[in-house]
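Architecture and fold: a report
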Amino acid sequence: MAMAMAMAMRRAAALGARHILAASSTSSSGVLLRRHMSVDAGAAMEKVRAAGLLRTQGLIGGKWVDAYDGKTIEVQNPATGETLANVSCMGSKETSDAIASAHSTFYSWSKLTANERSKALRKWHDLIISHKEELALLMTLEQGKPMKEALVEVTYGASFIEYFAEEAKRIYGDIIPPTLSDRRLLVLKQPVGVVGAVTPWNFPLAMITRKVGPALACGCTVVVKPSEFTPLTALAAADLALQAGIPAGAINVVMGNAPEIGDALLQSTQVRKITFTGSTAVGKKLMAGSANTVKKVSLELGGNAPCIVFDDADIDVAIKGSLAAKFRNSGQTCVCANRILVQEGIYEKFASAFIKAVQSLKVGNGLEESTSQGPLINEAAVQKVEKFINDATSKGANIMLGGKRHSLGMSFYEPTVVGNVSNDMLLFREEVFGPVAPLVPFKTEEDAIRMANDTNAGLAAYIFTKSIPRSWRVSEALEYGLVGVNEGIISTEVAPFGGVKQSGLGREGSKYGMDEYLELKYICMGNLN
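Residues numbered from 1 in each chain as written. Predicted model: local features only at pLDDT ≥ 70, side-chain atom pairs only at ≥ 80, totals over all residues. Heavy atoms only, no water.

Note the following rule: UniProt positions are given in the numbering used here, feature names are shortened, and annotations may be inferred rather than shown by experiment.
Labelled according to an unreviewed UniProt entry, the protein chain appears under the name Succinate-semialdehyde dehydrogenase, originating from Oryza nivara. For the protein chain, the Pathway (unreviewed entry) comment in UniProt is given as "Amino-acid degradation; 4-aminobutanoate degradation." Turning to the protein chain, the UniProt annotation filed under Subunit (unreviewed entry) states: "Homotetramer."

Digging into the pairing of strand β8 (residues 221–225)
How we decide: Note on exposure labels: buried denotes an accessible area under 20% of the residue type's maximum, exposed denotes more than 50%, and partly exposed covers the range between, all computed with a 1.4 Å probe on protein chains only. Helix numbering and strand numbering both begin at the N terminus, where a helix is a DSSP run of H or I of at least 4 residues and a strand a DSSP run of E of at least 2. In this description, strands pair whenever DSSP reports at least two bridges between them. Crossovers are marked right-handed if the path from the first strand over the helix to the second runs clockwise, as seen with the strands pointing away from the viewer.
For β8, the tally of buried residues reaches five of five residues, placing the bulk of the element in the interior. Burial along β8 is two-sided: Thr 221, Val 223 and Lys 225 facing one way and Val 222 and Val 224 facing the other are all buried. Here strand β7 (residues 194–198) pairs with β8 via five bridges, running parallel. Looking at β8, one finds that Gly 196 is bridged to Val 223. Once you follow β7 into helix α7 (residues 206–218) and on to β8, the crossover reads as right-handed. Of the pairings in the sheet, the one linking β8 to strand β9 (residues 251–253) comprises three bridges and is parallel in character. Paired with Val 222 across the strands is Ile 251, a residue of β9. After leaving β8, the chain enters helix α8 (residues 231–243) and then returns to the sheet as β9, a path that is right-handed.

Here's the deal with the packing of aromatic side chains
Heads up, the rule is: By convention, a stacked pair of Phe, Tyr or Trp rings (six-membered ring in the case of Trp) has centres within 6.5 Å and planes under 30 degrees apart, an edge-to-face pair has planes over 60 apart, and any other such pair is tilted. For a ring to carry a charge above it, either NZ of a lysine or CZ of an arginine must fall within 6 Å of the ring centroid while also lying within 35 degrees of the normal to the ring plane.
All chains considered together, the criterion is met by seven aromatic pairs. Taken together, the aromatic side chains of Phe 327, Phe 350 and Phe 354 make up a single cluster linked through ring pairs. Its end group placed over the ring of Tyr 517, Lys 273 keeps NZ or CZ at 5.1 Å from the ring centre.

What about the UniProt feature "domain: Aldehyde dehydrogenase" (unreviewed entry) in the protein chain?
The UniProt feature table records "domain: Aldehyde dehydrogenase" (unreviewed entry) at residues 64–523. Overall, residues 64–523 shows 39% helix and 20% strand. The separation of its end C-alpha atoms is 42 Å.

Quick look at the pattern of salt bridges
Put simply, the rule is: Salt bridges are defined by distance alone: a side-chain nitrogen of Lys or Arg within 4 Å of a carboxyl oxygen of Asp or Glu.
One pass over the full model with this rule turns up 23 salt bridges. A salt bridge links Arg 405 to Glu 379; the nearest nitrogen and oxygen atoms lie 2.6 Å apart. Of the two residues, Arg 405 sits in the loop between β14 (398–401) and β15 (416–419) while Glu 379 sits in helix α13 (residues 379–394), which places them 26 residues apart along the sequence. On the basis of relative accessibility, which here comes to 28%, the residue Arg 405 falls in the partly exposed class. Glu 386 serves as the salt-bridge partner of Arg 405, at 2.8 Å between the closest nitrogen and oxygen. Of this pair, Arg 405 sits in the loop between β14 and β15 while Glu 386 sits in helix α13, and the two are 19 residues apart along the sequence. Look at the salt bridges and you will find they share partners, linking Arg 210, Lys 211, Glu 300 and Glu 508 into a network.

Observations regarding the domain arrangement of the protein chain
Operational definition: Start and end points for every domain follow an automatic or database-based domain assignment. Between two residues, a contact is recorded if the distance between any of their heavy atoms is within 4.5 Å. Note on definitions: buried area is the accessible-area loss of two parts on being combined, 1.4 Å probe, summed for both. Pairs of N or O atoms are called polar contacts if they sit within 3.5 Å, as long as, within protein, a hydrogen donor faces a hydrogen acceptor (for residues adjacent in sequence, only side-chain-to-side-chain pairs). Note on residue classes: Ala, Val, Leu, Ile, Met, Phe, Trp, Tyr, Cys and Pro are nonpolar, Asp, Glu, Lys and Arg are charged, and everything else, Gly too, is polar.
When the domains of the protein chain are assigned, the result is domain 1 (42–301) and domain 2 (305–492). Its C-alpha centre places domain 1 at a distance of 31 Å from the equivalent point of domain 2. Counting residues at the interface gives 23 residues for domain 1, matched by 25 residues for domain 2. Interface of domain 1 and domain 2: buried area, both sides summed, is about 1900 Å²; carbon and sulfur atoms make up 62% of it. On the domain 1 side of the interface with domain 2, the three residues burying the most area are Pro 78, Ala 79 and Trp 201, jointly 24% of the side's total. In this structure, the connection of domain 1 to domain 2 is made through zero salt bridges. Where domain 1 meets domain 2, there are six residue pairs in polar contact (both at pLDDT 80 or more). Those elements giving two or more residues to the side of domain 1 that touches domain 2 turn out to be α5 (132–143) and α6 (147–167). Sorting elements by how many residues they give to the side of domain 1 that touches domain 2 places α5 first, with five residues. By residue class, the composition of the side of domain 1 that touches domain 2 is twelve nonpolar, six polar and five charged.

Okay, structure coming up:
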């Protein structure tokens with residue numbers, strides 16, 4: 001099912017690209033724009049290739065391998081529709097071999113000292129940083145985000161490797177006071193085993209390092225399944241891991257046929273943990289599929305983040321924070337502000353200032369320095385945004401800014417502000433995953449909390465207020481795993497990241513993220529007198 005959906009999205013993207021190319025064939029400015037983008041993309045790809053980081057094969061047991069049946073899938077640039085590369089389209093057989101490699105390597109990798117694992121991870125971090133520009137270029141090409149955001153993601157992604165390299169040396173157990181004098185009671189923390197890591201396209205490096213970093217630090221080995229939309233960044237990162245001295249088989253990468261890969265990971269008794277970032281629907285299937293072999297599971301799923309602006313907020317701080325929380329990565333993050341709730345006393349003032357700020361966002365190819373908003377990942381993503389907008393306007397919402405495809409074509413969409421949004425609209429109930437900011441007025445603090453919690457999701461939330469008592473009250477009342485107070489960018493490697501309700505299980509990042517890859521073992525030693 002997942003593969004069918006992915007293929008449908010890819011076909012839709014290709015059809016959209018062909019339609020736009022045909023529609024613009026009579027426009028000289030359109031031809032010049034595409035030609036300029038193509039030249040930039042070509043130069044960027046050449047820089048990546050020259051650095052030796054353009055990998056198109058899967059990684060199994062330290063070897064770069066084609067799909068066994070020779071099949072490939074295209075990786076496209078969402079800004080231009082051009083094919084960047086053809087990568088191996090793998091399935092169950094390749095995944096089974098990757099699992100076997102990870103299982104075999106686990107016994108040697110887990111027996112290394114924490115200090116030895118730490119040193120290898122630190123070298124991987126250093127290599128990522130030294131190739132920061134090439135990785136950012138690759139990310140912009142296959143994912144579409146602006147180069148400046150890609151550079152930030154590389155640094156952010158590398159920070160998890162650095163942090164967990166340090167935490168590898170701090171996996172402490174316990175000695176429990178015994179109930180009998182001739183006994184000693186000990187608790188050890190040991191690596192869970194082989195980990196299957198399924199990662200999304202919106203953060204193609206950071207979502208891998210946030211999982212692989214702690215797994216390797218604990219002594220686990222990993223089979224990574226990146227998105228078929230953005231495998232090139234994952235393969236480049238894996239290449240750097242090999243260069244850092246992380247042994248063959250500790251990290252394996254397979255991509256392609258999502259249902260086959262997923263089934264192989266779920267059915268294997270050698271895979272002891274599944275970690276996934278993505279949609280709630282797919283997360284539920286992975287959770288159910290893990291039950292047969294009783295795997296450990298951590299899930300970072302969809303969100304519906306409220307951003308609450310109280311009438312005592314600093315308007316400038318609220319505008320800056322809301323803008324960052326909403327429009328980063330063109331609205332394609334699980335912690336994006338999906339609903340901006342504004343208290344009635346400042347609603348008009350906030351809306352006017354917010355619209356002015358959104359108007360300043362520059363839409364374009366992420367390789368262009370002035371760009372702050374890149375394309376959506378594909379045509380299907382644009383169609384979803386259009387569906388949400390049509391639903392909202394049919395129920396009484398009004399478009400305050402934007403509200404349509406951008407004149408650049410492809411999967412570009414105008415940064416959009418929608419007013420008069422109510423709780424019966426898709427924009428309020430579900431994640432739009434695009435550059436659309438719904439504004440929703442509220443009267444009281446109690447109303448804001450009730451509206452914010454009126455969802456099955458519970459990942460991130462944001463509040464803006466000058467009142468310290470209110471910040472405590474509302475933060476504690478919000479049913480979310482992450483809360484930003486007067487700040488729109490809250491993710492960091494040193495703090496736990498994860499949601500409640502149907503936004504997932506477990507935490508990533510921080511010292512708490514290590515526990516997701518460890519098992520507790522109790523040892524009772526008797527007859528010691």
